[in-house]
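Structural features, examined
Single-letter residue listing:
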Amino acid sequence: GIARGLGAPAHPDGTQGTVEAELNLRDEWELSALEIATSTAKSLVVATALLDRADIEAKDALRLALLEEHFQIERWGLVEGEHDVAHNEALMWLEA
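Before going into details, it helps to say that this report is about the structure given with it.

1. Concerning the overall build of the protein
Each helix and strand in the protein was counted, giving six helices and zero strands. Secondary structure of the protein in N-to-C order comes out as α-α-α-α-α-α. On the principal axes, the C-alpha backbone points of the protein span a range of 40 × 35 × 20 Å. Per-residue burial over the protein gives 22% buried out of 96 residues. A fraction of 34% describes how many contacts in the protein between residues 6 or more apart in sequence connect residues 24 or more apart. Element-wise, carbon and sulfur atoms account for 57% of the exposed surface of the protein, whose accessible area totals about 7500 Å². When the 7 positive and 19 negative side-chain charges of the protein are each reduced to one mean point, those points stand 8 Å apart.

What follows is the structure in structure tokens.
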């Protein structure tokens, strides 16, 4: 769905069960890595792509996770000492 206002869009019925079933297939090591990547990217989709797809590296995951932020930086400019530092820290966590 499409978000309207500040609330998140509703997910179709069965989405939570499907995600839960997929997470239950992973071992403790994968779940630990997934937790860190999800927290860093602020996206379960990006984190899952990083873990499951051989063609997605940490720098690719970071680019996907920061797509909106990069658009805003292009429009309004980089805040030195914030955006650059935060991006480097996020890349470090995703590479770990």
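Still to come is the rest of the account.
2. A closer look at the pattern of salt bridges
Under the counting rule described, the total for this entry stands at five salt bridges. Residues arginine 53 and aspartate 55 are paired through a salt bridge, measuring 2.6 Å at the closest nitrogen-oxygen approach. By relative accessible area, arginine 53 is classed as partly exposed at 43%. Between lysine 59 and glutamate 57 there is a salt bridge whose closest N-O contact spans 3.8 Å. Given the relative accessible area of 47%, glutamate 57 is considered partly exposed. One salt-bridge network, in which partners are shared between bridges, spans Arg26, Glu30 and Asp52.

3. Comments concerning the nonpolar core
In this structure, Ala37, Leu50, Ile56, Ala61, Leu62 and Leu94 are the most contacted members of the largest nonpolar core, which totals 14 residues. When contributions to this core are tallied by element, the ones reaching two or more residues are α2 (28-41), α3 (44-52), α4 (58-65) and α6 (83-95). Examining the composition of this core, we find that four residues originate from one element, α3, more than from any other. For isoleucine 56, the residues in contact, after removing those within four places along its chain, are Ala49, Leu50, Ala61 and Leu64.

4. What to know about α6
The periodicity of an α-helix, 3.6 residues per turn, causes residues three or four places apart in sequence to face the same way. In this model α6 runs 18 Å from its N-terminal to its C-terminal C-alpha over 13 residues, within 8% of the 18 Å that 1.5 Å per residue would give. Within the span of α6, buried status applies to His83, His87, Ala90 and Leu94. Burial along α6 is one-sided: seen end-on, the buried residues are contained in an arc of 65°. Facing away from the buried side of α6 by over 90 degrees, the exposed positions are Asn88 and Glu95. The inward-facing, buried residues of α6 contact α2, α3, α4 and α5 (67-76).

The rules behind the values
Residues numbered from 1 in each chain as written. Predicted model: local features only at pLDDT ≥ 70, side-chain atom pairs only at ≥ 80, totals over all residues. Heavy atoms only, no water. Helix = DSSP H or I, 4+ residues; strand = E, 2+ residues; numbered from the N terminus. Buried < 20%, exposed > 50% of the residue type's maximum accessible area, 1.4 Å probe, protein only. Contact = heavy atoms within 4.5 Å. Areas by Shrake-Rupley, 256 points an atom, 1.4 Å probe, with all protein chains shown as cover. Lys, Arg positive; Asp, Glu negative; His and termini not counted. Charge placed at Lys NZ, Arg CZ, Asp CG, Glu CD. Salt bridge = Lys/Arg side-chain N within 4 Å of Asp/Glu carboxyl O. Core = buried A, V, L, I, M, F, W, Y, C linked by side-chain atoms within 4.5 Å. Expected span 1.5 Å × (residues − 1). Arc of directions from axis to C-beta.

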